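# Chain and residue survey
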Amino acid sequence: MEWRMRAIRGATTVSENTVEAMQEAVMELLDELEKRNQLHPTDIISITFSVTSDLNATFPAAIARKRPYWDVVPMLDVQQMHVEGSLERCIRFLVHVHVPASAPIHHIYLRHAASLRPDWSLPVLEGVGIRD
């Protein structure tokens, strides 16, 4: 089986700049990343998180490192460039993974970040709150 390095994009939003809100959103985003792409953290080469300038309560990588097996994944947090009128309280990621060449890639856009890439967004699930 042939393996390749692939990149996966994703984003979500938080309702407020708190550790709790960021933790909930990052965990939800990473749960979807693992589930939809059938990934294990050992498949991940690296991940870069970016946050908008209105988020500074905690580092997304610090949240991710608390997940099982994520403590060995190389991670970096950066601040997203500010553009007037852009989506607020947004956390994005770029993940590089090592997967079989034939594996489908599912980019993960949740909550209000679904508006960034409607073509890659998950469908709205009634009562589940994925797009709060």
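Residues numbered from 1 in each chain as written. Predicted model: local features only at pLDDT ≥ 70, side-chain atom pairs only at ≥ 80, totals over all residues. Heavy atoms only, no water.

### Considering the nonpolar core
If you look at soluble globular proteins, the nonpolar side chains tend to sit buried side by side. Put simply, the rule reads: The definition of a nonpolar core used throughout is a set of buried Ala, Val, Leu, Ile, Met, Phe, Trp, Tyr and Cys residues joined through side-chain atoms within 4.5 Å. Residue exposure (1.4 Å probe, protein chains only): buried if accessible area is under 20% of the type maximum, exposed if over 50%, otherwise partly exposed. Think of it this way: any DSSP run of H or I at least four residues long counts as a helix, any run of E at least two long counts as a strand, and we number them from the N terminus. Note on contacts: a residue pair qualifies if any of its non-hydrogen atoms lie within 4.5 Å across the two residues.
Core analysis: the biggest nonpolar cluster contains 29 residues, and Leu30, Leu33, Ile47, Phe49, Trp70 and Phe93 have the highest contact counts within it. Of all the secondary-structure elements, those providing two or more residues to this core are α1 (19-37), β2 (44-51), α2 (60-64) and β4 (90-100). For this core, the element with the highest residue contribution is α1, accounting for seven residues. Setting aside anything within four residues of it in sequence, one finds Leu33 in contact with Ile8, Gln38, Leu39, Trp70, Phe93, Val95 and Ile108.

### Overview of the pattern of salt bridges
This is how it is decided: We define a salt bridge as a side-chain nitrogen of Lys or Arg found within 4 Å of a carboxyl oxygen belonging to Asp or Glu.
By the definition in use, this model includes seven salt bridges. The partner of Arg4 in a salt bridge is Glu2, with the nearest N and O atoms 3.4 Å apart. Arg4 gets classed as partly exposed once you look at its relative accessible area, which sits at 43%. A salt bridge links Glu34 to Arg67, with the shortest nitrogen-to-oxygen separation between them at 3.4 Å.

### A look at the confidence of the model for the protein chain
How we decide: Confidence of the predictor at the level of single residues is given by pLDDT, which spans 0 to 100.
When pLDDT is averaged along the protein chain, the result is 91, and 90% of the positions lie at 70 or above. When the criterion is pLDDT under 50, residues 124-132 qualifies, and its contacts beyond four places in sequence or with other chains add up to 15 contacts.

### What to know about the UniProt feature "binding site: prephenate" (unreviewed entry) in the protein chain
Applicable threshold: UniProt positions are given in the numbering used here, feature names are shortened, and annotations may be inferred rather than shown by experiment. Whenever two N or O atoms come within 3.5 Å, that pair is a polar contact, provided that in protein one can donate a hydrogen and the other can accept it, and provided that, for residues adjacent in sequence, both atoms are side-chain atoms.
UniProt's entry tags Arg9, Arg92 and Tyr109 with the feature "binding site: prephenate" (unreviewed entry), counted in the numbering of this structure. Spatially, the listed residues are clustered: although they cover 101 residues, their C-alpha atoms lie within 8.8 Å of one another. Within the element layout of this structure, Arg9 appears in strand β1 (residues 3-13). Here the side chain of Arg9 touches Phe93 through a polar contact of 3.1 Å, landing on its backbone oxygen. Mapped onto the fold, Tyr109 is located in strand β5 (residues 108-109).

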